[in-house]
Amino acid sequence: MGEMAMDRRELRNCFGRFATGVTVVTCLHEQGSHGFTANSFTSVSLDPPLVLVSVDRKTRALPYLKGNRFTVNILRDDQQQTAMHFAGKSQHPAPFEWDGTRIAGSLAYIDCDPWAEYDGGDHVLIVGKVTRFEYEDGAPLAFYGGKFSKVASPE
Ligand SMILES: Cc1cc2nc3c(=O)[nH]c(=O)nc-3n(C[C@H](O)[C@H](O)[C@H](O)COP(=O)(O)OP(=O)(O)OC[C@H]3O[C@@H](n4cnc5c(N)ncnc54)[C@H](O)[C@@H]3O)c2cc1C
């Protein structure tokens, strides 16, 4: 299919056939903390330990993340309201608690130093070097076909 003929909504639907987990990427900036929901998280490298998040150029998160430390909070299946909150649909009262820059109760935490940024079209690919991580057993929140979903936790 030629580029001009590509239907954006159909392309989105096609990309949505890739099932993912859901994260909230958080960081500290001059006015405080900031978080946003992202499912573009990818593990990249073990040596050095690197991860990737693709950030829409239009988000407020992008200038906060550039050259900054950040934390990837991998959400549990009971944190859907938190995912909605950090996707711009603010929930009152807030359905989460901070633990530093971490979202308390998440399935895993990955703290990163800035490593590199790459052009990703209408997104910027932010690569972080892992400085600390923690994880627990449990079931992850999943995202598939534009909807939140669940997967069985590995036993
Ligand atoms: C499942 C899913 C996956 C997504 N994946 C991606 C992705 O990979 N890349 C991408 O670029 N976009 C992704 N998005 C969209 C992205 O989450 C929104 O565009 C995002 O809300 C934009 O954030 P912002 O920084 O522009 O907005 P903001 O409005 O600044 O922040 C987003 C929300 O977080 C809340 N918030 C932020 N900081 C705090 C704080 N300190 N305390 C309390 N609340 C706070 C705000 O109230 C707001 O509702 C995804 C959305 C969903 C639902």
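Source: prediction; values computed, not measured.

S.K.: Honestly, the pattern of salt bridges in this entry has me stumped. Any pointers?
M.R.: A side chain of one charge can pair with a side chain of the opposite charge when the charged atoms of the two come close. Under the criterion given, the structure shown has 8 salt bridges. R102 is the salt-bridge partner of D111, the closest N and O atoms lying 2.8 Å from each other. Under the relative-accessibility criterion, R102 is labelled buried at 8%. Several salt bridges share partner residues, and in doing so they unite R102, D111, R132 and E134 into one network.

S.K.: Looking at this structure, I do not really get the pairing of strand β5 (residues 49-56). What am I missing?
M.R.: Both faces of the sheet carry side chains from a regular strand, because those side chains alternate between them. Most of β5 is tucked away: 6 of the 8 residues are buried. Across 4 bridges, the pairing between strand β4 (residues 42-46) and β5 is antiparallel. Considered in β5, the bridge of T42 is made with L52. In this structure, the hairpin formed by β4 and β5 is closed by a connection of 2 residues. Bridge count for β5 against strand β10 (residues 123-135) is 7 bridges, and the pairing is antiparallel. Note that in β10 the partner of L50 across the bridge is K129.

Rules used throughout
Residues numbered from 1 in each chain as written. Predicted model: local features only at pLDDT ≥ 70, side-chain atom pairs only at ≥ 80, totals over all residues. Heavy atoms only, no water. Salt bridge = Lys/Arg side-chain N within 4 Å of Asp/Glu carboxyl O. Buried < 20%, exposed > 50% of the residue type's maximum accessible area, 1.4 Å probe, protein only. Helix = DSSP H or I, 4+ residues; strand = E, 2+ residues; numbered from the N terminus. Pairing = 2+ DSSP bridges.

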